[in-house]
Amino acid sequence: MDNSLPPADELVLVDRELAQLEARRTQLLARRAWLVQVLYRPARAATPRWPVTPAAPAADSTPRSAQNVLLTLGGTLLTIAAVAFTLVSWGSMGIGGRAAVLCAVTGAALSAPVVLLRRGLVSTGESVAVLGLVLTVLDAYALHRVALSDTDGLGYAAVASAVLAGAWAAYGSALPRLRVPLPAGVVAAQLPLPLGVLAAGGGATAFAWAALVTAAADGAVVLWTRPLPVRITAGAGAALLGGWALLTGGWLSFSSPWSGAPLLLAGAAVCLYAAWRTPGWAVAASVVAGLAVVAAVGGLLRSAVPGDWAVPGYVLCGLALASVWRAGAGARLPRGVRTGLAGAGAATVALGLLWALPPVVGGALGPLARTTEVWSGEHTGPALVAYPATAALVLAVVAAALASVPRLWARCGALALVWALLTALPVAPGLPYAATLALQLLTTAAALWIAVRPAPLTRGLPRPGATPAASPDARTTTDRTTDPTNRPATAATGPSGTPATGPSGVSATGPAEPPASGPAGQSASGPAGQSAGGSVPPPPSAPPRVPGAGFGAPGTGWMPPRPRPQASAAEPGTVLGWVAYAGGLVSAAGAVALALDVRGATFLALGAVLGLLTGVAVLGTGARRTVSACGAVLAAAGLVFTGAAAAGLEAHWTGLALLLVPAATAAVGATARPVALPVEITGAAVGLSALGLAASRPAFLALVLALGGVIAAATAVRPERRRFASWTAAGLFLLAAWVRLGAWGVTTPEAYTLPVTVPALVVGFLRRRRDPEASSWTAYGPGLAVTLLPSLGAAWTDPEWVRPLVLGVATLVVTLLGARFRLQALLLLGGTVLALDGLHELAPYVVQVVGALPRWLPPALAGLLLLAVGATYEQRLRDARRLRERLARMR
């Protein structure tokens, strides 16, 4: 059967398919053109906005690709082959053959890069040059094995590394386009001096000196050469060898100070010179230099003084070094150098203070860790018996040094250290008990007085918002920023691209600044690191600046600076006051804890603390006044408790006596308005402790609760406390009544609930009278529920008939009142309780009746009920809706 189309129809079908293919081809070609444009978009030929400095030729024109990988692998394999030949196949050739092979291969490997560089094959030349450098090392090894086998290995290695370093440096200088030879020469230059010292039998000191000299040479390379790889390599070598030398010097400062001090001082000099010449690393280098100086001088002092005076010696060195910050400003020291030296000194002083801290902790917290009974007359020995007494000297010296600095942070530190000194004095020298307690109380008094009157300590401090005196750094910065022409100055550069400096190493415009480097370490001020001799012209797109116009002025072309939010500076007196206040509170707690050893001392300490805190509460301001008032309340409670304990009162009598404190706070709160609420809250907390003490005797507990209610009722007389205090008084009176009833053995629930229900209903009636729209649930619901629900529970468990009858009558009255006055709470609560009470009373009879009926009758009655409900279902729904609406309309 032939199913082919007629020729005419088939031709139409073929034409249609070709048209669709042509449309699809056009679409794909357009998509391809867009993708090619995106992936290979040519760079736009735009005019540069400012003159571009011609850069040095690129080190390698070939991108990092498979070619570099192949060259690296090839060079590595050739190197491995050369090493294998030298170490394994060396013995199979004669002396002439060995020399000829090595010389020929080495010469070829070192000469090939010259030809390769001329042809532009930089990567290939780099790989061959690396092979040549490795072959020179093998030549040196072969020379030692063949001709100089009797020489010392370390000595020969030192000489060979020096020769190789010179040869590689010359080779790299002759072929500057090669990047590896010069850094390799720097690496080889690290070895001659250390290896030479080891060959000569020098010890750790000589090796450290050799490392330091090599590190100094590396620093010179970093400062006076331009290729970036060379500077990075030399910098790494300087850091490694210099660090080793300084660590060795630090170790020698403990074991042999006179050997380690020159090494440390020499290293410090090298670091300071590096900090002076490289502002970017000035802080770090100056910190290392400062620590080295402290270790050197401190080690010498430590060897000349007793062991207890070693740390004070280091602290004195740190203070002298930290003083460079102020003294060096007048001497025009660079800011980075001064910052680093001062940071090193501050770190040393901080370590010294950390060493002196244990006596302070022992003096402040030692009395709290009691090991003896209260009022036993025995005193806990100091926790630190053999700690050096010079710790107090460290605190005193640092405090004096900080006090001489007119800055708020320094004054706060000095104040804290003076407090620490007074706290540590009883521990370090080991003062007797009476002197220790007296010193603690005097420290507390002095600290709290300063907290109230900190003005004498603020003399000489700048006020917030005041313009501080201009320092030399500030004047220099001001001179630069207020230049009327507002043009950046360009420092003249020397022949090697570094800023031209004077005899002291300072540039013509101040401390040396790091020059902006180009791709090859050249200065950005001109080609090959040469300055243009004047200021750099601005970009063509930036309009000329108007003389005297600041940023954002018309015609400047600059956006105005965004204003930064300024944090409000705290008053010096406030900060100093809080520092002193914190110390005073800690000393007060320590004095009270220390005074617990002796009865009389306890009364003395609590009375003194009470007087001092009361004085601060009267004379102070702000939060310190509030905290002091609360502390005075606690001190008064402590006095009352101590008096009761001294009188031998039992716990419940002591709780009764403690109610004097809440009564006093309620009286004080009526006059001391600013601190009334915190004082009353603290007094209430003392009252709670009184309840805890009286809980063992229910009768006394009821008395304490009643007296607390009296105090709260007296407080409720004040208008601002009326609402809360009145409810508190009512609750305390109710609790007192309940406790008293419980003490009498009353088990009737109505005796406990009616005292709550009656006042609650009266309050609800007054509320509804004042606000007729108030809900009955809010007005009467709580009061009714308090009595009806417990009574219902008691009625269900009561075998007598009196309680259910009385409860039924009461709930019937409540239900009728709710229906009469349309009160939802009364109707529902009363009706529910009445129904449950009636169900409880009728339940036995219902059970008897159900038991007497035939067994088929209950299902029949249930079926008739369901039929009746189903027949009148719509009517029952309407009745339920009307009932719900009526209940909803009730209040």
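Bear in mind that the values here come from a model prediction, so they are computed numbers and not experimental data. Note that residues are indexed from 1 along each chain, following the sequence as it is written. Local features in a predicted model are, by the rule used here, given only for residues with pLDDT of at least 70; side-chain atom pairs are given and counted only at 80 or more, and totals for whole chains, interfaces and linings are based on all residues. Working from all heavy atoms in the structure, the side-chain values ignore hydrogens and water.

(A) Layout of the environment of Pro194. Counting from the N terminus, the helices are the DSSP runs of H or I reaching at least four residues and the strands are the DSSP runs of E reaching at least two. Among the secondary structure elements, Pro194 is positioned in helix H7 (residues 192-199). On the accessibility criterion, Pro194 (8% relative accessible area) is buried. Taking the C-alpha atoms as reference, Pro194 lies 9.6 Å from Leu241; in sequence the two are 47 residues apart. Apart from residues no more than four positions distant in its own chain, Pro194 is found in contact with Phe207, Ala210 and Thr214. We call a residue buried when its accessible area falls under 20% of the maximum for its residue type, exposed when it is over 50%, and partly exposed in between, using a 1.4 Å probe and counting protein chains only. Pairs of residues are marked as contacts when any of their non-hydrogen atoms sit within 4.5 Å.

(B) View of the packing of helix H15 (residues 357-365) against helix H17 (residues 408-424). Closest axis-to-axis distance for the H15/H17 pair is 8 Å, and the angle between their directions is 70°. Here H17 runs roughly perpendicular to H15, going by the angle between their axes. The chirality of how H15 crosses H17 is left-handed. Of the residues in H17, those in contact with Pro359, Val360, Gly363 and Ala364 of H15 are Trp419, Ala420, Thr423 and Ala424. Among the residues forming the contact of H15 with H17, the class breakdown is six nonpolar, two polar and no charged. Axes here mean lines fitted to C-alpha atoms, for a helix over just the part in contact, with angles spanning 0 to 180 degrees between N-to-C directions. Roughly parallel means an angle under 35 degrees; roughly antiparallel means over 145; roughly perpendicular covers 65 to 115; every other angle is labelled oblique. The sense of a crossing depends on the near helix, which, turned anticlockwise from the far helix by less than a right angle, makes the crossing left-handed and, turned clockwise, makes it right-handed. Note on residue categories: nonpolar means Ala, Val, Leu, Ile, Met, Phe, Trp, Tyr, Cys or Pro, charged means Asp, Glu, Lys or Arg, and polar means any other residue, Gly included.

(C) Quick peek at the pattern of salt bridges. A side-chain nitrogen of Lys or Arg and a carboxyl oxygen of Asp or Glu constitute a salt bridge if their distance falls within 4 Å. As enumerated under the stated definition, the model contains five salt bridges in all. A salt bridge links Arg697 to Glu650, with the shortest nitrogen-to-oxygen separation between them at 3.7 Å. Here Glu650 lies in the loop between helix H22 (622-646) and helix H23 (651-658) and Arg697 lies in the loop between helix H25 (676-694) and helix H26 (698-715), a separation of 47 residues in the sequence. A salt bridge links Arg718 to Glu680; the shortest N-O distance between them is 2.5 Å.

(D) How the structure looks around the environment of Leu789. Inspection of the secondary structure puts Leu789 in helix H30 (residues 781-797). Sequence-wise, Leu789 and Thr753 are 36 residues apart; in three dimensions their C-alpha atoms are separated by 9.9 Å.

(E) Seen up close, the nonpolar core. Counting 20 residues, the largest nonpolar core has Val360, Leu395, Val398, Leu402 and Leu417 as its most contacted members. Sorting the residues of this core by element identifies helix H12 (310-322), H15, helix H16 (390-403) and H17 as the ones contributing at least two each. If near-sequence neighbours (up to four positions away) are discounted, Leu417 is found in contact with Leu353, Leu395, Val398, Ala399 and Leu402. Definition used in this section: a nonpolar core is a set of buried Ala, Val, Leu, Ile, Met, Phe, Trp, Tyr and Cys residues joined via side-chain atoms within 4.5 Å.

(F) Focus on the side chain of Thr248. Positionally, Thr248 belongs in helix H9 (residues 228-255). Setting aside anything within four residues of it in sequence, one finds Thr248 in contact with Ala204 and Ala208.

(G) Expanded view of the side chain of His652. Among the secondary structure elements, His652 is positioned in helix H23. Look at His652 and you get buried, because its relative accessible area is 4%. Only 3.3 Å separates the side chain of His652 from the side chain of Glu650, close enough to count as a polar contact. Filtering out sequence-adjacent residues up to four positions away, His652 remains in contact with Leu693, Ala694, Arg697 and Phe700. Identification of polar contacts relies on pairs of N or O atoms within 3.5 Å, with a donor-acceptor requirement for protein atoms, meaning one able to donate a hydrogen and the other able to accept it, and with residues adjacent in sequence counted only if both atoms are side-chain atoms.

Read these as spatial facts, not as claims about activity.
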